Amino acid sequence: MESSSSSVSTATPVGVTPDYDDRIVKMFFTATVIWGIVGMLVGVIIALQLTFWQANLGPWLSFGRLRPLHTNAVIFAFAGNVCFTGIYHSMQRLLKTRMFNDTLSRIHFWGWQLIIVSAAVTLPLGMTQSKEYAELIWPIDVAITLVWVVFGINFFGTVARRKVQHLYVAIWFYMSFVITIAVLHIFNSLAIPATLFRSYPIYTGLTDALVQWWYGHNAVGFFLTTPFLGLMYYYLPRAAERPVYSYRLSIIHFWALVFLYIWAGPHHLLFSALPDWAQTLGMVFSIMLIAPSWGGMLNGLLTLRGAWDRVRTDPVLKMMVVAVSFYGMSTFEGPMMSIRAVNGLAHYTNWVIGHVHSGALGWVGMMSFGMLYWLVPRLYKRELWKPQWAEAHFWLATIGIVLYTVAMWAAGLMEGLQWRAINDAGQLANPIFLDITARLQPFLLLRVVGGSMYLVGAIMMGINFWKTVRGSDEAAQTPASVTA
Amino acid sequence: MTENNQHEEQGSAYGRFHRRVLEGKAVVFAVATTVAISIGGLAEIIPMFSASLGPERSEAVTPYTPLEVAGRDLYIREGCYTCHSQMVRPMRAELLRYGEWSRAWEYTYDRPFLLGSRRLGPDLQRVGGKYPDAWHYDHMEDPRALSPGSIMPAYDWMLTDRVEVADVTASIRALSTAGHPYDGDSEEWVRAEMERQGGEIVANLQSAGRETTWDTEIVAMIAYLQRLGVEGRQILQQQATASAPEAEASSTESAAAAQAGGGDR
Amino acid sequence: MTKETNRLLGHADEADGIEEYDNPLPDWWLGLFWITIIWAVGYTVHYHFIADRSQEGALAAELAAAEERWPEQAQAQLAFSYSEEAATQGEQVYNQNCFPCHGMQMEGGIGPSFVDAEWIHGGQAANIVQIIQNGVLDKGMVAWQGILSPEQITNVASYVIRRHSEATGRPIEEILLPPDEVGAEDAPS
């Protein structure tokens, strides 16, 4: 079945380490681990607040203010820094050149961290624009734009001075990330400032809602999907030491994905007063996204042919397999939830939260962990402090995700059905909203358990990396097996 | 390696085009990507500004008063939209629970929109007039006193914290710039408007034994909540009366549902 | 996946050592893609042009079906009759739903008192039942019809009537008279 050479040639020979900037990769990696734990901790806290209202502590730590902090922290701080870690590491190697400008790299790093710190200060203070995943106040939006431009110049500058002609598929996905996030962020953030801390969008009503969900849906598409597919295309074949299954598939699914994704935003506004035609577009384009999304999953899973024996033992590959599987699962679930009839049941319920987290914890989180467990020993040229902890992390995270999603499915279906249930007299069977809220409590508690397991896994990873990086000199001897 | 290169040279046109033109020239690739990601957004967003294709409009809607704007800003500050939607869907069960379904023109002056994406608590699109002012006052102080079993946090600081007139004036000026029609945008006008409307709420609260002043956050919050969905409901009732002779079965039941409007706490 | 060639493209030198196979698209995957595209076009054409559907139309159909199944009688006036047993059972309904506004002792608070002589919307049993059923939108009184069952409304109305009678000394029989048979001073204002 297999033909040609089955081993991957190493284009960067051992010993001849080119002049790559790995310092910036280490900086982004450190930020990733810290913000990841912070963001997930806030997630567990707000999950707790839904089961114990007493956990809402004063104005600054109440659910309404912390929920945006959680989403911003895990998306832009954790996932953002993961992307930058992987992109800065892999693009130098894929393009055989150092980053375009080290100063721009540092401005990007420190600018991004400053934005995160500003978010962590302003959101608990109640300074928000209220648009989901675009809550940050307008001065921070301006800072994001500037930092993104710096990143863009650095990115395209590096592409321009590359030592290879052909751009590998990972670079395509990175490029779509750089371009699309700029477009989305700028057009969704256009607003009229009232004070330094407050502004009003230039759009109003349902137009504002459509622009926001064009942004919001594609933040998922181009911040949490395409860059991670790029990371998958680099780190999965490197870790598996297998050729990518199909170049042609990567071409087709890349172009289909980036073209189709943008249209699907209105599925967040089904049954609103948004014109029917726009709702239909949101729904049908979501359905058409199934195959392009699965193209990425297939190319990931089929690349592992011939490496499945190692999947059983290697936490890196295990995590990547779970990540790609959850990607396939949630990119099927999402289109199903975009169908009008299903959405009528699922919208506004915990099912949506479960769907998001099967993508976020399953795909984004596991892909990140897998990548980091592969990268860190190579980056620091040290053996991982406790490989068995990585194994434990894998199981904690996997079981945590399953508990989380199952709890949210159950809760979502229950509330969706009970909100709409009609009794024999033609009246609401559950007229009192709080009766339904009370019935959700066991599931919300189970969600706290699942989320906590996931958090504990991430903390174990943090300690493991800390010990690895700060390890004693004896441990610092570079074993041949981890030379990149 | 040689063998493989030969393969490509013999390869189909797709191979040469992709590898050397599209994927070999970064500028071409970047432009192609930009075009690919732009089409969908342009196709959906531009028609929103057209009268026939975009959301339905109505001239009868009025903008939020200064006090309501202040309350709306508090609603945003506290992240109320993270748990409460403002969008009643066109389904019978929702009409029974909440009242009339939400029309596009009701959001004419909703900047930003606050449709919400989650119902950890009930929808608030039609909450205006459903409870007395004093109910909201007590409910913000301690939600469980009025809604046993509620998981909503208490917002007791709203009872003591104050709204700055200068701050509200800045908001009114920005909203005027955005095109919201206001009779004034001076600090004096904003203060007078807030005192007038806030005074009515203070009087209502006083008659129920709750002492406060017009510039507390709770008064602004009550002003905003009591406004929600009321105007839309009135406009819909006028429309229903105007077209009563040829009214369809649906509008009468809708109107009844608007009256019933559920009793969620 | 029978057409797999597993032929390497040989560009690992341009991808940090990562090789790519020149495998064709899996047939089932391509088929799935085409099916979703055809479905998307078909659904759109059917929804908007052939069946001419809309969410407003769907709601009208749903309401019409409901009207047929549960004709107007659901909204009709409740056949109220007072009984001591109902009044006793009404205490629980009151304590679950009404006390936040009307007080544990019906002394009033957010809403009016029931233990004084004053009735804003009429003091006869029929007035009381009507207010509980339909609410008073301007005053923030919730319409309980649809939330409470007819039996619960009967019970809680009976409980309010009994407590009012006990507190003010007004006989229950008098409260139960129809509104048009009592003096003008008790009529709705």
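Coordinates for the structure precede this section.
Below: a short report on this structure. (Residues numbered from 1 in each chain as written. Chains lettered and ligands numbered in written order. Predicted model: local features only at pLDDT ≥ 70, side-chain atom pairs only at ≥ 80, totals over all residues. Heavy atoms only, no water.)

1. What to know about the overall build of chain C
So the rule is basically this: Comment: elements are numbered from the N terminus, with helices defined as DSSP H or I runs of at least four residues and strands as E runs of at least two. Two things to know: the radius of gyration comes from C-alpha atoms, and the globule rule equals 2.2 Å times the number of residues to the power 0.38. Summary of the burial criterion: residues with accessible area below 20% of their type's maximum are buried, those above 50% are exposed, and those between are partly exposed, where the area comes from a 1.4 Å probe applied to protein chains only. Whether two residues are in contact is decided by their heavy atoms, any of which lying within 4.5 Å being enough. Per-residue and other accessible areas follow the Shrake-Rupley method at a 1.4 Å probe size, with only the shown protein chains counted as cover for residues. Charged residues are defined here as Lys and Arg on the positive side and Asp and Glu on the negative side; His and the ends of the chain fall outside this count. Each charge is placed at NZ for Lys, CZ for Arg, CG for Asp and CD for Glu.
Helix and strand content of chain C: 7 helices and 0 strands. For chain C, the N- to C-terminal ordering of α and β elements is α-α-α-α-α-α-α. Whereas a compact globule of 189 residues would reach a radius of gyration of roughly 16 Å, chain C reaches 33 Å, over 25% beyond that. Dimensions of chain C, computed from C-alpha atoms along their principal axes, come out at roughly 100 × 45 × 30 Å. A buried classification covers 47% of the 189 residues belonging to chain C. A fraction of 52% describes how many contacts in chain C between residues 6 or more apart in sequence connect residues 24 or more apart. When the accessible surface of chain C is split by element, carbon and sulfur atoms take 57% of a total near 9,600 Å². Treating the 8 positive side-chain charges of chain C as one cloud and the 29 negative ones as another, the clouds have centres 4 Å apart.

2. Focus on the interface of chain A and chain C
The parts lose accessible area when they come together, and the size of an interface is often stated as this lost area. Where we set the bar: By convention, the term buried area covers the 1.4 Å-probe accessible surface removed from two parts as they join, with the contributions of both added. When a carboxyl oxygen of Asp or Glu lies within 4 Å of a side-chain nitrogen of Lys or Arg, that pair is called a salt bridge. Contacts described as polar in this section are N or O atom pairs within 3.5 Å, which, within protein, must combine one atom able to donate a hydrogen with one able to accept it, while residues neighboring in sequence count only if both atoms come from side chains. Throughout this entry, Asp, Glu, Lys and Arg are counted as charged residues, while Ala, Val, Leu, Ile, Met, Phe, Trp, Tyr, Cys and Pro are counted as nonpolar. The remaining residues, Gly among them, count as polar.
Between chain A and chain C, the contact holds 63 residues from the first and 43 residues from the second. Buried surface at the junction of chain A and chain C, summed over both partners, amounts to about 4,400 Å²; 61% is from carbon and sulfur atoms. Along the contact surface separating chain A from chain C lie 3 salt bridges. A:Arg238 serves as the salt-bridge partner of C:Asp16, at 2.7 Å between the closest nitrogen and oxygen. There are 21 residue pairs in polar contact (both at pLDDT 80 or more) connecting chain A and chain C. Broken down by secondary-structure element, the contributors of at least two residues to the side of chain A that touches chain C are α2 (63-94), α7 (226-240), α8 (247-261), α9 (276-288) and α10 (290-303) of chain A. Looking at the side of chain A that touches chain C, its residues break down into 36 nonpolar, 17 polar and 10 charged.

3. Considerations on the interface of chain A and chain B
Across the boundary between the two partners, chain A contributes 96 residues, which contact 84 residues of chain B. Counting the surface chain A buries against chain B, the share from its top three residues, A:Tyr200, A:Tyr348 and A:Phe433, is 11%. In this structure, the connection of chain A to chain B is made through 4 salt bridges. We note a salt bridge from B:Asp167 to A:Arg198, for which the minimum N-O separation is 2.9 Å. Remark: the boundary between chain A and chain B carries 27 residue pairs in polar contact (both at pLDDT 80 or more).

4. Describing the environment of B:Ile235
Residues and elements named next belong to chain B. Assignment of secondary structure puts Ile235 in helix α11 (residues 230-242). The class for Ile235 is buried, based on a relative accessible area of 8%. On a C-alpha basis, the gap between Ile235 and Val61 in space is 8.4 Å, while along the polypeptide they are 174 residues apart. Setting aside residues no more than four positions away along its own chain, Ile235 makes contact with Ala60, Val61 and Trp105.

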